[in-house]
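Commentary on secondary and tertiary structure
Chain by chain, the residues run as shown.
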Amino acid sequence: MLVLVIRTLILYGVVIAALRIMGKRQLGELQPSELVVAIMISDLASVPMQAIDLPLISGIIPVLTLIVAEVMMSYFSLKSEKVRKFLSGKPSIVIYDGKVDEGELEKLRFNINDLLEELRLNNYYDISDVAVAIVETSGKLSVVPKDYAREVTVEDLKLKGVRHDGLPCTIVSDGILNYEELLRSKKDTVWLTKEMKKRGIKDIKEIFIASLNGEGELFIQMKEGKK
Amino acid sequence: MRGVIVSVIIAAVMISGSILYSIGIRKISEELGSINDGIMICLTDENYEGAKDELIKLIEYLERNSTMLAATGNHEEFNKIEINIYEMSGYINGRQKTDAVSRCKVLDFLFEHIPKNYELKLENIL
């Protein structure tokens, strides 16, 4: 029985490593080839997991082969538009200048109800509010609204003294100081020590999270049980 | 870019590993066949003591190379080899020439078959 556990853990490690080698694209929206590869990898890894008669390598080698093929195809599609078009297709404009392109919908086998559903899922309940709608290669719909229907921006309101937020820096995470984030925030340990003293915090290990935003505001949450 | 480099390295390791493995497994298969031929000759001459010694040599050789064989081979096939070896051992001890020789022939086939699945042939790919 322990043999099954060890085999499962090994194959689990291989699949995780495979997904990491293939990159972050696997975690987000998948292209058709990526979806196929992800499904195949899980199928291939599960066979030797259960069948103790089969050598482990009969699952590992196909998984590795798929990774190599997928990464190389991604690389070639990066370098060549023809390969990109062949593998992923191209985005299709289904609404342009407020007008639905019936021919394009037919090519995609996308009926008007599907289109309206996707628009609603994108928070556009009135088709007349849409200037451009594009069906991406992943199958998702991207929408560009008409000017009067888009969200108001800070520029539209001509506001002054707008908060600059940017990406907050998580300086401390679960009691551990993140030097990279501290450097990115353009602060140093002396500053952090001063801030901790101001709040009566004796040890950095007591901090659950400390985050500095673009406005220089420091947010600190202590660990449970600590004040 | 790192993913591409890692993939190229994996591809190179797999290809070179496959080539080396094919060479290795063929050598093992030939050696097993050769020892098995020795057993067959002893049996033909009704030299049962000689056959026993050759059989021990065969078992020891299999044990020495068991990891390499088990790494990629079908475990069921190796179970068949072991069953035939034990049966042959029984027939040799019982001085049953015909049955022992038939087991020898079966083993000959099984040993020849070991590297066949890994040969780069159309029938293996299809």
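Per chain, the residues get numbers from 1 upward, laid out in the order the sequence is written. For this description, chains carry letters from A and ligands carry numbers from 1, given in the order in which they are written. In keeping with the predicted nature of the model, local features appear solely for residues at pLDDT of at least 70, side-chain atom pairs appear and are counted solely at 80 or more, and the whole-chain, interface and lining totals rest on all residues.

Further remarks concern the overall build of chain A. A run of H or I in DSSP counts as a helix once it spans at least four residues, and a run of E counts as a strand once it spans at least two, with each numbered from the N terminus. The helix and strand tally for chain A stands at nine helices and eight strands. Here the analysis covers contacts within chain A between residues at least 6 apart in sequence; of these, 49% occur between residues at least 24 apart. Two residues form a contact once the distance between their C-beta atoms, set from the backbone, is within 7 Å.

Residues and elements named next belong to chain B. Mapped onto the secondary structure, cysteine 104 falls in helix H5 (residues 97–113). Between the C-alpha atoms of cysteine 104 and glycine 33, which are 71 residues apart in sequence, the distance is 9.7 Å. Look past the residues within four positions of cysteine 104 in its chain and what remains in contact with it is Asn36, Ile39, Met40, Leu43 and Met88.

Residues and elements named next belong to chain B. Relative to the helices and strands, isoleucine 39 resides in helix H1 (residues 2–44). Of the residues examined, isoleucine 39 has 27 C-beta atoms within 10 Å and is grouped as buried. Sequence spacing of isoleucine 39 and lysine 57 is 18 residues, and the spatial spacing of their C-alpha atoms is 9.8 Å. Not counting residues up to four positions away in its chain, the partners in contact with isoleucine 39 are Ala51, Glu54, Leu55, Leu58 and Cys104. The exposure label follows from counting other C-beta atoms within 10 Å of a residue's C-beta, where the C-beta atoms are placed from the backbone and the thresholds are 20 or more for buried and 12 or fewer for exposed, leaving partly exposed in between.

The next point concerns the interface of chain A and chain B. In this assembly, 14 residues from chain A lie in contact with 14 residues from chain B. Listing elements by their share of the side of chain A that touches chain B, those giving two or more residues are helix H1 (2–22) and helix H3 (57–79) of chain A. Under the scheme applied, nonpolar residues are Ala, Val, Leu, Ile, Met, Phe, Trp, Tyr, Cys and Pro; charged residues are Asp, Glu, Lys and Arg; polar residues are all the others, including Gly. Per-class residue counts for the side of chain A that touches chain B are eleven nonpolar, two polar and one charged.

The subject of this paragraph is the pairing of strand S4 (residues 141–145) of chain A. Residues and elements named next belong to chain A. Pairing between strands requires that DSSP locate at least two bridges from one strand to the other. With five bridges connecting them, strand S3 (residues 130–135) and S4 associate as antiparallel partners. Bridge pairing links alanine 133 to valine 143 in S4. Hairpin geometry of S3 and S4 is characterised by an intervening segment of five residues between the two adjacent antiparallel strands and by a positive phi of about 100° at glycine 139.

Counting buried positions along helix H9 (residues 189–198) of chain A gives one out of ten residues, so the element sits mostly on the surface. Directly after H9(A), the chain includes A:Gly200, whose backbone phi takes a positive value near 70°.

On to helix H2 (residues 32–50) of chain A, then. Residues and elements named next belong to chain A. For a helix, the expected span equals 1.5 Å multiplied by the residue count minus one. Its 19 residues place the ends of H2 28 Å apart at the C-alpha level, agreeing with the 27 Å of an ideal helix rising 1.5 Å per residue. Looking only at H2, the buried set comprises Glu34, Val37, Ile41, Leu44, Ala45 and Pro48. Buried residues of H2, viewed axially, fall in a sector of 95°; they line one side. Pointing more than 90 degrees away from the buried face of H2 are the exposed residues Ile39, Ser42, Asp43 and Gln50. Throughout, the arc means that of the directions going from the helix axis to the C-beta atoms.

Moving on: the sheet that holds strand S6 (residues 176–177) of chain A. All names here are of chain A. The strand order across the open sheet formed by four strands is S6-S5-S7-S8, and the pairing between neighbours is antiparallel. Each of the sheet's edge strands pairs with one partner strand only, and the pair in question is S6 and strand S8 (218–222). As judged from the five bridges shared by strand S7 (residues 207–212) and S8, these two strands associate in the antiparallel manner. Across the sheet, isoleucine 207 pairs through a bridge with methionine 222, a residue of S8.

What follows covers the sheet that holds S4(A). Residues and elements named next belong to chain A. Here we have four strands laid out as an open sheet, ordered S2-S1-S3-S4, and antiparallel in their pairing. Edge positions in the open sheet fall to strand S2 (99–100) and S4, since each of these has one partner strand only. Across three bridges, the pairing between strand S1 (residues 92–96) and S3 is antiparallel. Residue pairing across strands places serine 92 opposite valine 135, the latter belonging to S3.

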